[in-house]
Amino acid sequence: MTSASAPPAVVGVIGGGRMGTGIAQSFAAAGSSVVVVEHDEAAAAVALDRIADGLRRAAERGGPGGFATGEVPDRVTAVTSIAELPADADLVVEAVPEDAALKARLLTAAERAVGERCVLATNTSSLPVTELAAALKRPGRFLGMHFFNPVPVSALVELVLTPDTTGETLTAAAGWTHALGKQKVVVQDSPGFASSRLGLALGLEAVRMVEEGVAEPEAIDTAMRLGYRHPMGPLRLTDVVGLDVRLAIADHLHKTLGERFAPPALLREKVARGELGRKTGKGFYPWP
Ligand SMILES: NC(=O)c1ccc[n+]([C@@H]2O[C@H](COP(=O)([O-])OP(=O)(O)OC[C@H]3O[C@@H](n4cnc5c(N)ncnc54)[C@H](O)[C@@H]3O)[C@@H](O)[C@H]2O)c1
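Here we summarise the structure given alongside this text. What you see is a predicted model; the values in this text were computed from it and never measured.

**Here's the deal with the packing of aromatic side chains**
Here is step 1 of the chain: Summed over the entire model, instances satisfying the criterion amount to one aromatic pair.
Here is step 2 of the chain: With a centroid separation of 6.5 Å and an interplanar angle of 75°, the aromatic rings of Phe27 and Phe147 are classed as edge-to-face. With Phe27 in helix α1 (residues 18-30) and Phe147 in strand β6 (residues 142-147), this pair connects stretches of sequence that are 120 residues apart.
Here is step 3 of the chain: Judged by relative accessible area, Phe27 falls into the buried class, the value being 0%.
Here is step 4 of the chain: Residue placement shows Arg278 over the ring face of Trp287; its charged tip is 5.9 Å from the ring centre.

Written out as structure tokens, the structure reads:
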């Protein structure tokens, strides 16, 4: 295992979608060898293309670790089976779709493919990390590493601990986060972790204020931008994230944390009308 302040020498990433390719790109840029696992050859090729594209764009921005040619460096490869994860991996990050059974199955297969000292991490944004840990033989070596989209430019990783996560595992994950040039926050596993829970509380209250006619969306957003220095108001942010995505998280937190996360009727109505925000051209704002 590499020292905690250096990037992990060898990283596996399971799932080469939006988040997985961002995570792979970030570790590659920091100097790690990265193996991405996808479910078939076509998906593996798409993942490698996305990583090459991301590294080229990073080079254009003048960021560290960019590769101007658009070629994927030799140290980034893609495979189609978990069994092909490198046995000497220091870290394996799972970033497949939000399906607990799928994640548990892939994480237990990864645990069999790598050595005993490898740290396993999930990038889940809402599933209980503690329940995923229960499927593993070495839950002490497991935690949530919640990256943010777009990973290569986002500054934060939420490290989510279960009661089993060891101090050594946390120290390693914290050092690797630092090696990526990102800042960590450490949270105990609980619904919505820190980021989604607080962000959603603000977003839902802003929707209720529109519903009650307290103010127009623009006024509510401006109050938070200028009064509290938020880079973007909670309603515009809801449009950018997607009203459907926020409703799904609200439903989950309502179930697990109680009435204070009950989704406002206006949010449900807008989702039912297909007003999902930026991606459909209309949310709380028009997006021509
Ligand atoms: N998108 C975000 O903003 C965001 C932010 C933080 C966390 N997350 C979490 O990250 C995870 C991935 O999200 P995403 O947005 O990258 O999804 P995505 O759909 O873009 O990517 C998932 C990838 O997993 C691959 N996959 C599916 N089954 C597989 C298997 N059996 N083996 C290998 N690969 C397989 C898919 O082909 C796909 O490329 C989810 O848990 C999500 O909640 C997403």
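**Observations concerning the site of the ligand**
Here is step 1 of the chain: Taken together, 21 residues surround the ligand, and among them Met19, Glu38, Glu98, Lys103 and Ser125 come closest.
Here is step 2 of the chain: Lys103 places a polar side-chain atom, nitrogen or oxygen, 2.7 Å from an oxygen atom of the ligand.
Here is step 3 of the chain: In this structure, Ser125 approaches the ligand through a side-chain N or O atom, which is 2.6 Å from an oxygen atom.
Here is step 4 of the chain: For the shell around the ligand, the elements supplying multiple residues, two or more each, are α1, α3 (100-113) and β6.

**Here we look at the nonpolar core**
As a rule of thumb, nonpolar side chains are buried together in soluble globular proteins.
Here is step 1 of the chain: Grouped together as the largest cluster of nonpolar side chains are 30 residues, with contacts concentrated most on Ile23, Phe27, Val34, Leu91, Leu143, Met145 and Phe147.
Here is step 2 of the chain: Ranked by the residues each element gives to this core, the list is headed by α1, at five residues.
Here is step 3 of the chain: Ignoring anything within four residues of it in the chain, the contact list for Val34 reads Val11, Val13, Ala24, Phe27, Ala28, Arg75, Val76 and Thr77.
Here is step 4 of the chain: Counting residues in each nonpolar core, the second largest holds 27 residues, with Leu85, Val114, Val129 and Phe193 among its members.

**Brief notes about the environment of Met145**
Here is step 1 of the chain: Within the secondary structure, Met145 is located in strand β6.
Here is step 2 of the chain: Each C-alpha atom of the pair Met145 and Met19 lies 12 Å from the other, and the pair is 126 residues apart in sequence.
Here is step 3 of the chain: Apart from residues lying up to four places away in sequence, Met145 is in contact with Leu91, Ala121, Thr122, Asn123, Val157, Glu158, Leu159, Ala173 and Thr177.

**Some thoughts on the pattern of salt bridges**
Here is step 1 of the chain: Following the criterion strictly, the structure yields 13 salt bridges and no others.
Here is step 2 of the chain: The partner of Glu94 in a salt bridge is Lys103, and the shortest N-O contact between them spans 2.6 Å. In this pair, the class of Glu94 matches that of Lys103, namely buried.
Here is step 3 of the chain: The partner of Glu275 in a salt bridge is Lys270, and the shortest N-O contact between them spans 2.9 Å. Of the two residues examined, Glu275 and Lys270, each falls in the buried class.
Here is step 4 of the chain: Salt bridges linked by common partners bring Asp53, Arg56, Arg57 and Glu60 together as one network.

Calculation rules
Residues numbered from 1 in each chain as written. Predicted model: local features only at pLDDT ≥ 70, side-chain atom pairs only at ≥ 80, totals over all residues. Heavy atoms only, no water. Phe/Tyr/Trp six-rings, centres within 6.5 Å; stacked < 30°, edge-to-face > 60°. Helix = DSSP H or I, 4+ residues; strand = E, 2+ residues; numbered from the N terminus. Buried < 20%, exposed > 50% of the residue type's maximum accessible area, 1.4 Å probe, protein only. Lys NZ or Arg CZ within 6 Å of the ring centre and 35° of its normal. Near = heavy atom within 4 Å. Polar contact = N/O pair within 3.5 Å; in protein donor to acceptor, adjacent residues only side chain to side chain. Core = buried A, V, L, I, M, F, W, Y, C linked by side-chain atoms within 4.5 Å. Contact = heavy atoms within 4.5 Å. Salt bridge = Lys/Arg side-chain N within 4 Å of Asp/Glu carboxyl O.

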